[in-house]
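This is what each chain is made of:
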Amino acid sequence: MSFIIEDFRQSSIDNWYWFQEALSPEEIELLEKLQADIPFKQAVINANPHDLEEYRKSEIKWLPQHMDECRWLYEKFVKMVTEANNSLWHFELTGIFDDLQYTVYHEGGGHYDWHMDIGSGIFSRRKVSITLQLSDPDEYEGGDFEFLLGKDIIKLPRKKGCAIVFPSFFLHRVSPVTKGVRKSLVLWISGQPYR
Ligand SMILES: O=C(O)CCC(=O)C(=O)O
Ligand SMILES: [Fe+2]
């Protein structure tokens, strides 16, 4: 009789991780100066492009990986994702396929409906997502970043400068902003399709 020896390492795939102060107020100020020179792009979604406005209403711009001034930001994000991944999931992560996304949701319906960050084609490489709150909770109403886990809606922390790290297959949304403006910084860490 022979036995197959497997590595039965456990993975907490239904759990997330967060950092209370991922960026300091001074670092956020620096980032805001950096992004001011970059133009906004039309946001695309991988769900139903016909419902663009209905599904997602936000302004986005990309902070390029190759821009030297952005390097410190990428380093911080990679460090956070590595810590989260080593603690919870143990996914094979190999790189960053998309640039850092700077996102703005305006009063009067700025939102992003329930979605996963993975999809077919190039989106199948996203494995871990990280979102960083760039706005003071007092500056806006609504605009909650939420997970749908089973039938529970989980509201994530709103504190300016905190970051939430989660598997890219989590269903998540940004509820409509009813007052003020909410901003976020999002990055996806990639690898071969999940393993
Ligand atoms: O704005 C956020 O915090 C999250 C945005 C998001 O889920 C996305 O761009 O995929
Ligand atoms: Fe997302």
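Residues numbered from 1 in each chain as written. Chains lettered and ligands numbered in written order. Predicted model: local features only at pLDDT ≥ 70, side-chain atom pairs only at ≥ 80, totals over all residues. Heavy atoms only, no water.

Turning our attention to the coordination of the iron ion (ligand 2). Listed as protein donors to the iron ion (ligand 2) are H115 (NE2), D117 (OD) and H172 (NE2); their distances from the metal cover 2.1 to 2.2 Å. Read in sequence order, the donor residues for the iron ion (ligand 2) give the motif H-x1-D-x54-H. Here H115, found in strand β5 (residues 111–115), pairs with H172, found in strand β11 (residues 171–174); they are 57 residues apart in sequence, far enough to count as distant. Accessibility classification places H115 together with H172 in one group, the buried group. (Donors = N, O, S within 2.8 Å, 3.2 Å for Na, K, Ca; no water. Helix = DSSP H or I, 4+ residues; strand = E, 2+ residues; numbered from the N terminus. Buried < 20%, exposed > 50% of the residue type's maximum accessible area, 1.4 Å probe, protein only.)

Looking now at the pattern of salt bridges. Taken as a whole, this structure holds 8 salt bridges when the rule is applied. One salt bridge connects E75 with R71, and the closest N-O pair in it is separated by 3.4 Å. Residue E75 and its partner R71 are located together in helix α3 (residues 71–89), separated by 4 residues, close to a single helical turn. Two residues, R158 and D144, come together in a salt bridge whose shortest N-O distance is 2.9 Å. Taken together, the positions of R158 in the loop between β9 (152–155) and β10 (163–167) and D144 in the loop between β7 (140–142) and β8 (145–149) put the pair 14 residues apart, joining distant regions of the chain. Under the relative-accessibility criterion, R158 is labelled partly exposed at 21%. (Salt bridge = Lys/Arg side-chain N within 4 Å of Asp/Glu carboxyl O.)

The phi dihedral of H90 falls on the positive side, at around 60 degrees, and the residue is not glycine. Structurally, the position occupied by H90 is in the loop between α3 and β4 (100–106).

Before going further, it helps to spend a moment on the UniProt feature "domain: Fe2OG dioxygenase" (unreviewed entry) in the protein. The sites that UniProt annotates as "domain: Fe2OG dioxygenase" (unreviewed entry) are residues 96–191. Split by type, residues 96–191 is 0% helix and 57% strand. Its first and last C-alpha atoms lie 8 Å apart. (UniProt positions renumbered as here; feature names shortened; annotations may be inferred.)

This part covers the sheet that holds β11. Note: strands within a sheet are paired through backbone hydrogen bonds, in either parallel or antiparallel orientation. Strands sit in the order β2-β5-β11-β8-β9 across an open sheet of 5 strands; the sheet is antiparallel. Each end of this open sheet is capped by a strand with a single partner; those strands are β2 (56–57) and β9. Summarising the sheet, β2 and β5 pair through 2 bridges and their orientation is antiparallel. The residue of β5 that forms the bridge with R56 is Y112. (Pairing = 2+ DSSP bridges.)

Here the focus is the site of ligand 1. Around ligand 1 lies a shell of 14 residues, among which Q101, Y105, T131, R182 and S184 are the nearest. Residue H115 places a side-chain N or O atom 3.1 Å away from an oxygen atom belonging to ligand 1. Between ligand 1 and D117, the relevant distance is 3.0 Å, taken from an oxygen atom to a side-chain nitrogen or oxygen of the residue. Contact with the protein chains covers 98% of the free accessible surface of ligand 1, which is 290 Å². Elements that contribute at least two residues to the shell around ligand 1 include exactly β4, β5, β11 and β12 (177–190). With 4 residues, β12 is the largest single contributor of residues to the shell around ligand 1. Of the residues assigned to the shell around ligand 1, the class counts are 6 nonpolar, 5 polar and 3 charged. (Near = heavy atom within 4 Å. Polar contact = N/O pair within 3.5 Å; in protein donor to acceptor, adjacent residues only side chain to side chain. Areas by Shrake-Rupley, 256 points an atom, 1.4 Å probe, with all protein chains shown as cover. Nonpolar A, V, L, I, M, F, W, Y, C, P; charged D, E, K, R; others polar.)

Judged by nonpolar contacts, the single largest core of 30 residues is most densely connected at L73, F77 and L185. Elements supplying a minimum of two residues to this core: α1 (25–35), α3, β4, β6 (126–133), β10 and β12. Among the elements that make up this core, the one with the highest residue count is α3 (8 residues). Setting aside residues up to four positions removed in sequence, F77 forms contacts with L100, I130, L132, L185 and L187. With 13 residues, the next largest nonpolar core counts Y55, Y112, F147 and L156 among its residues. (Core = buried A, V, L, I, M, F, W, Y, C linked by side-chain atoms within 4.5 Å. Contact = heavy atoms within 4.5 Å.)

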